[in-house]
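Examining the three-dimensional arrangement
So the chains spell out like this:
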Amino acid sequence: MTTARSAESVELAIGGMTCASCAARVERKLNKVGGVTATVNYATEKALVSYPSELSVDDLRAVVEAAGYSARLPEPEEPDETPTLRKRLLLSAALTLPLIALAMVPAWQFDYWQWVSLALAAPVVTWGAWPFHRAAAVNLRHVTATMDTLISLGVVASVAWSLYALFFGMAGEIGMRHGFELIGSGTAGDSLYFEVAAAVTTFILAGRYFEARSKRRAGAALRALMDLGAKDVTVLRDGEEQLIPVEKLQVEDVFVARPGEKIATDGVVTEGSSAVDTSMLTGESVPVEAGPGDAVTGATVNVGGRLLVRATRVGADTRLAQMARLVEAAQTGKAEVQRLADRVSAVFVPVVVFAALATLVVWLATGGSPEKAFTAAVAVLIIACPCALGLATPTALLVGTGRGAQLGILIKGPEVLESTRRVDTVVLDKTGTVTTGRMTLVDGDGEVLRLAGALEAASEHPVARAVADAARERFGTLPAVTDFRSTAGLGVRGVVEGHDVVAGRAEFVGATNAGSAGTVVHVAWDGEVRGRLVVADTIKPTSAQAVAELRELGLKPVLLTGDNAGAARAIAAEAGIGEVIAEVLPEGKLDVVKRLQAEGRVVAMVGDGVNDAAALAQADLGLAMGTGTDAAIEASDLTLVRGDLRVAADAIRLARRTLATIKGNLFWAFAYNVAALPLAALGLLNPMIAGAAMACSSAFVVSNSLRLRRFR
């Protein structure tokens, strides 16, 4: 008999990765270890690793280090490597510009200019290109190759050819002049390629620098999310206020939130009333009123009066921490399209090296000059680097999920993106999703409301509270009640201003039952039925607009509820929903989703309660209202932080836009390589132009992804 091994999980920061092939190599090495499942993301430079309990984090680090890279536990603020890259780029560019000018304009070539070219190129191809050479050497030691191998080979080959021509050929002679053409080498005799080696290094350094800077910009939303929380908090201890670091706050502590301060952690207001700005978490610009008994979320801002709050969650359990974990998990994961790109990258580099050698051999075998053969081979090496391919998916995911977090949309993982494209039906739970979830008086007034409101004020039932609240709003202070009695499931009775008042179901009051779209409260006093009040769960102001937006996305809305058919149809008509499934028991919601899927529909489910969790998990796409329960949020694919159904349409639009951006990136990355390789092999591409084109390809992919930051 075998027993299941318990699994641990850890996130590791991977150092030394310079391209997508590196990430694929680290991932492959980790996944070869028994019981280990790893996903390595080049854009975030992190690995998400699940491993059996008999292994340790040190064992995993040893595997990564054996592959030629470093691994450590992530720091709260990862070091920024862009300043170092910037120094390399600026010095390389300063030396390369005059070098290219000398090579391209024969009129500027003075005696001994070729030796000046060597002096200008030397720091660029050694110190400037050092990251590529170092990575290539590590790869060689482990008998593998990455994109850095191609770059290093191209640079070293260009320099080696030039040094040979300079010291052993005729290129070192006084008065030697050198022509230049954008197509092919355009040279005869002993050619120099110093400008090619330096320009390729500079262009690729520029690509890496802007890539690194863009990755930091893309991950800025997550860093901003993590920085939202308060740093200090004023707690009440033994009746006195004490300022302590927020990390020392404990559950059940009562703390103070003054006007303008961030609320330190999730809790419940015990004293005071105020407006709370939740925009940084939910994207909702209108402050929410909070008073005794209301839940508040850490990192939101108290904009009104002084509040006393009892902490209910601290540290890693808070909603802010959960949001950060969801966003980071989504950014670390991989969409299915990225896995295809990874597989291509893994075999691409050795194929390109072979293609470059084949180009060299074919040119020489068909009578081409050594200069032409060499130029074409180097151009193949450089143009084929699939850097853009490795950036296509992770940069779009970084920006898309980060922008979602800013708008109150949490995408749980990249695989969710594919689901949003295929969904054709959206099932909407009624209570708390389409409606407010709070009972409100919709019909009734006068003495019936005043006396019934006074009676119901003594009850805690939601229907009774709705009647009492409406009566207070209409009449102000209500009369006192004596001899109050409640009969569960039927109604209440008591004495109000000398009258024996009864309120509740028709059979309890002795009234005739009448159909209604809401819950009817019949009212009688002194033995005579006096009237009725109607209470209903009202639709949210934005639900009708949200349903219209979902329809525009090609989704057919379905209202799902355990409420009676009449009430459900009334809400559906108001929201613009044509299909209604009513009187469904909580456990029946799962069966409804299964039945719709059996009919061939691809189902999205939006819900907020514990009884929605199973249906959310079963649906092809589960969307949980963040105002709902933890069980619903855990079971969903997308979490909508604020309780506005319009965010569901925004979430699907953002996910689809992110997926479209990924596919667009991949198309251009593939198209670039496919179109450019034949040109390079035919000798129609100067290696220097190839280097610039490769850097531009990566820049295009990153800038295309950054357009998602403007999503509204």
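Thresholds applied
Residues numbered from 1 in each chain as written. Predicted model: local features only at pLDDT ≥ 70, side-chain atom pairs only at ≥ 80, totals over all residues. Heavy atoms only, no water. UniProt positions renumbered as here; feature names shortened; annotations may be inferred. Pairing = 2+ DSSP bridges. Helix = DSSP H or I, 4+ residues; strand = E, 2+ residues; numbered from the N terminus. Axes fitted to C-alpha atoms, helices over the stretch in contact; angles between N-to-C directions. Contact = heavy atoms within 4.5 Å. Polar contact = N/O pair within 3.5 Å; in protein donor to acceptor, adjacent residues only side chain to side chain. Left-handed = near helix turned anticlockwise from the far one by under 90°. Nonpolar A, V, L, I, M, F, W, Y, C, P; charged D, E, K, R; others polar. Buried < 20%, exposed > 50% of the residue type's maximum accessible area, 1.4 Å probe, protein only. Expected span 1.5 Å × (residues − 1). Parallel < 35°, antiparallel > 145°, perpendicular 65-115°, else oblique.

If you look the protein up in an unreviewed UniProt entry, it shows as Cation-transporting P-type ATPase B from Amycolatopsis mongoliensis. Of the comments in the UniProt record for the protein, the one headed Sequence similarities (unreviewed entry) reads "Belongs to the cation transport ATPase (P-type) (TC 3.A.3) family. Type IB subfamily."

1. Regarding the sheet that holds strand β23 (residues 579-581)
Judged by pairing direction, the sheet is mixed, and its seven strands sit side by side in the order β14-β26-β25-β24-β15-β22-β23 without closing on themselves. The open sheet has two edge strands, β14 (409-411) and β23, and neither has a second partner. The mean angle between the axes of side-by-side strands here comes to 20°, regardless of whether they run parallel or antiparallel. Taken together, the five bridges between strand β15 (residues 425-429) and strand β22 (residues 556-560) define a ladder with parallel strand orientation. Looking at the pairing, Thr425 lines up with Lys556 of β22. Helix α21 (residues 588-598) rests against β15, β22, β23 and β24 (603-607) of the sheet, and its axis sits at about 160° to β24.

2. Focus: the sheet that holds strand β17 (residues 481-487)
One open sheet accounts for six strands, arranged β16-β21-β20-β19-β18-β17; its pairing is antiparallel. Both outer strands of the open sheet, β16 (435-443) and β17, are each paired with one neighbouring strand and no more. Across the sheet, the mean angle separating the axes of adjacent strands is 20° when strand polarity is ignored. Sitting on the sheet, helix α16 (residues 446-456) touches β16, β17, β18 (491-496), β19 (499-504), β20 (519-525) and β21 (528-539), and the angle it makes with β18 is about 105°.

3. As for the side chain of Arg88
Looking at the secondary structure, you find Arg88 in helix α3 (residues 82-104). Looking at Arg88, its side chain comes within polar contact range of the main-chain oxygen of Trp127, at 2.4 Å.

4. Re the packing of helix α5 (residues 130-141) against helix α6 (residues 147-167)
Running from N to C, α5 and α6 point in directions that differ by 115°, and their axes come no closer than 8 Å. Here α5 runs over α6; the crossing is left-handed. Counting all contacts with α5, which are made through Phe132, His133, Ala135, Ala136 and Asn139, the residues of α6 involved are Asp148, Thr149, Ile151, Ser152, Val155 and Val156. Class assignment of the residues belonging to the contact of α5 with α6 gives a composition of six nonpolar, four polar and one charged.

5. Re unusual backbone geometry
With phi around 85°, Ala299 is a residue other than glycine that occupies positive phi space. Given a relative accessible area of 0%, Ala299 falls into the buried group.

6. Some words on the UniProt feature "transmembrane region" (unreviewed entry) in the protein
Using the residue numbers shown here, the UniProt feature "transmembrane region" (unreviewed entry) corresponds to residues 89-106, 112-130, 150-171, 191-210, 344-365, 377-399, 666-682 and 688-706. Secondary structure content for residues 150-171 is 82% helix and 0% strand, while the C-alpha to C-alpha distance between its ends is 26 Å. Taken end to end, residues 666-682 has its terminal C-alpha atoms 25 Å apart, with 94% of it in helix and 0% in strand.

7. Remarks on helix α24 (residues 646-681)
An α-helical turn contains 3.6 residues, so any two residues separated by three or four positions project in the same direction. Given a rise of 1.5 Å per residue, 36 residues ought to cover 52 Å, and the 53 Å separating the end C-alpha atoms of α24 matches this to within 8%. Immediately downstream of α24, the backbone of Gly683 shows phi near 80°, a positive value.

8. Things to note about the packing of α6 against helix α12 (residues 370-383)
Here α6 crosses α12 at 155°, and the two axes come no closer than 8 Å. By the angle between their directions, the pair α6 and α12 is classed as roughly antiparallel. Judged by the twist between their axes, the crossing of α6 over α12 is left-handed. Of α12, the residues touching α6 (which contributes Leu150, Leu153, Gly154, Ala157, Ser158 and Trp161) are Pro370, Glu371, Phe374, Val378 and Leu381. Considering only residue class, the contact of α6 with α12 consists of eight nonpolar, two polar and one charged.

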